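# Examination of the molecular architecture
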Amino acid sequence: MDTLSTMDFRRHTQNDSPAIVSLFKSVFTKSEGEAEGTLISQLAKDLLEKTDERDLYCFIAADNSQIVGSIFFSRLNFENGIDSFILAPVAVHNDHQGKGIGKALIDYGLSELKKKGASVALTYGDPAFYNKVGFRTISSETVKAPFTLSQPKGWLGQSLSGDSIETLSGKCTCVEALSDPRYW
Ligand SMILES: CC(C)(COP(=O)(O)OP(=O)(O)OC[C@H]1O[C@@H](n2cnc3c(N)ncnc32)[C@H](O)[C@@H]1OP(=O)(O)O)[C@@H](O)C(=O)NCCC(=O)NCCS
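Residues numbered from 1 in each chain as written. Predicted model: local features only at pLDDT ≥ 70, side-chain atom pairs only at ≥ 80, totals over all residues. Heavy atoms only, no water.

Turning next to the overall build of the chain. Within the chain, the secondary structure is distributed over 5 helices and 8 strands. In terms of overall dimensions, the chain is globule-like: its C-alpha atoms have a radius of gyration of 16 Å, near the 16 Å expected for 184 residues. Projected onto its principal axes, the C-alpha coordinates of the chain cover approximately 45 × 35 × 30 Å. Taking all 184 residues of the chain together, the buried fraction comes to 48%. Restricting to contacts in the chain with at least 6 residues of sequence separation, those with at least 24 account for 67%. Only carbon and sulfur atoms are counted for the fraction: they give 47% of the accessible area of the chain, which is about 9,300 Å². (Helix = DSSP H or I, 4+ residues; strand = E, 2+ residues; numbered from the N terminus. Rg over C-alpha atoms; globule rule 2.2 N^0.38 Å. Buried < 20%, exposed > 50% of the residue type's maximum accessible area, 1.4 Å probe, protein only. Contact = heavy atoms within 4.5 Å. Areas by Shrake-Rupley, 256 points an atom, 1.4 Å probe, with all protein chains shown as cover.)

Turning our eyes to something else, we now look at unusual backbone geometry. Of note, the amide linkage connecting Ala88 to Pro89 takes the cis form, showing an omega dihedral of -10 degrees. The residue Pro89 is located in strand 4 (residues 84-92) in this model. Not every positive phi belongs to a glycine, and Asn64 is a case in point at roughly 50 degrees. Within the secondary structure, Asn64 is located in the loop between strand 2 (56-63) and strand 3 (66-78). Judged by relative accessible area, Asn64 falls into the exposed class, the value being 72%. Residue Ser65 is not a glycine yet carries a positive backbone phi of 65 degrees. Tracing the backbone shows Ser65 in the loop between strand 2 and strand 3.

Before going further, it helps to examine the site of the ligand. The local shell around the ligand holds 17 residues, among which Val92, Gly98, Gly100, Gly102 and Lys103 are the closest. At 2.7 Å from an oxygen atom of the ligand is found a main-chain nitrogen or oxygen belonging to Gly100. Here an oxygen atom of the ligand and a backbone polar atom of Gly102 are 2.7 Å apart. Coverage of the ligand by the protein chains reaches 65% of its 890 Å² of free accessible surface. Within the residue set of the shell around the ligand, elements represented by two or more residues are helix 2 (17-32), strand 4, helix 4 (101-115) and helix 5 (127-130). (Near = heavy atom within 4 Å. Polar contact = N/O pair within 3.5 Å; in protein donor to acceptor, adjacent residues only side chain to side chain.)

Take the pairing of strand 5 (residues 120-124) next. For strand 5, a buried count of 5 out of 5 residues is recorded, marking the element as mostly surrounded by other parts of the structure. Neither face of strand 5 is left uncovered, since the one carrying Val120, Leu122 and Tyr124 and the one carrying Ala121 and Thr123 both have all their residues buried. As judged from the 4 bridges shared by strand 4 and strand 5, these two strands associate in the parallel manner. Directly across from Leu87, in strand 5, lies its bridge partner Thr123. Since strand 4 and strand 5 lie parallel, the crossover through helix 4 that links them has a hand, and here it is right-handed. The pairing of strand 5 with strand 7 (residues 155-159) spans 5 bridges and is classified as antiparallel. Within the sheet, the bridge partner assigned to Leu122 lies in strand 7 and is Gly157. (Pairing = 2+ DSSP bridges. Right-handed = clockwise from strand over helix to strand, strands pointing away.)

Here the structure, examined in full by the defined rule, presents 12 aromatic pairs. Between Phe59 and Phe73, the aromatic rings sit 6.2 Å apart at their centres with planes inclined by 65 degrees, giving edge-to-face as the arrangement. Taken as a pair, Phe59 in strand 2 and Phe73 in strand 3 lie far apart in primary sequence, 14 residues in all. Just as Phe59 is buried, Phe73 falls in that class too. Aromatic ring contacts, followed pair by pair, group Phe9, Tyr57, Phe59, Phe73, Phe85 and Tyr108 into a single cluster. (Phe/Tyr/Trp six-rings, centres within 6.5 Å; stacked < 30°, edge-to-face > 60°.)

Taken as a whole and judged by the stated rule, the model has 10 salt bridges. We note a salt bridge from Lys45 to Glu49, for which the minimum N-O separation is 3.3 Å. On the criterion of helical spacing, the pair formed by Lys45 and Glu49 is a turn pair, its members being 4 residues apart in helix 3 (residues 34-50). Among the charged side chains, a salt-bridge network with shared partners connects Asp8, Arg10 and Asp16. (Salt bridge = Lys/Arg side-chain N within 4 Å of Asp/Glu carboxyl O.)

Okay, structure coming up:
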């Protein structure tokens with residue numbers, strides 16, 4: 001049986017938090033070095049500890065109860081009040097990458113957000129990867145980002161409602177955990 005068919009995708013519980021933080025630490029340390037591992041695991045910890053539960057969705061992929069992937073979506077507030085969330089960060093355990101788990105976890109997270117009534121998902125990252133899961137580059141002049149972007153080509157979005165993404169207008173603010181220019 002292939003790995004994906006036995007994988008459990010679900011919303012995280014408080015008991016999962018230490019394993020989620022250590023997953024981000026090990027994956028980002030291995031892929032981008034120790035400093036990035038520390039930074040992104042701190043982001044995961046801050047998102048879990050400092051974010052109002054109405055503003056955060058954290059999902060996990062578990063294989064035989066071992067957490068092998070995790071993804072965060074946190075609320076972005078636009079002046080016109082459209083219900084939108086930013087995907088950041090996501091990680092799949094190094095031993096399990098390249099088997100479709102990342103894509104399945106993103107698809108699962110987006111479908112759960114849609115069920116909760118979110119209209120738009122945004123993210124900030126590598127277009128080559130995120131294009132594969134429905135994100136398209138957007139202009140930060142049309143849809144504002146909460147901070148000045150060091151890589152404007154990485155500003156990406158997708159509609160979950162069928163409406164145009166350009167309905168997002170005005171100033172944008174993010175949750176406290178992401179309110180740090182180092183992430184942008
Ligand atoms: C990026 C990551 C989440 C992808 O998860 P994964 O389970 O390895 O990816 P999948 O097997 O689901 O791959 C889905 C598709 O994306 C492609 N892909 C995977 N990683 C990619 C990358 N870094 N760049 C471009 N494409 C990538 C795959 O080839 C696959 O393409 P296909 O559908 O055309 O075959 C995972 O590799 C990871 O945790 N990397 C380190 C941390 C990171 O970079 N996180 C993202 C930024 S927050």
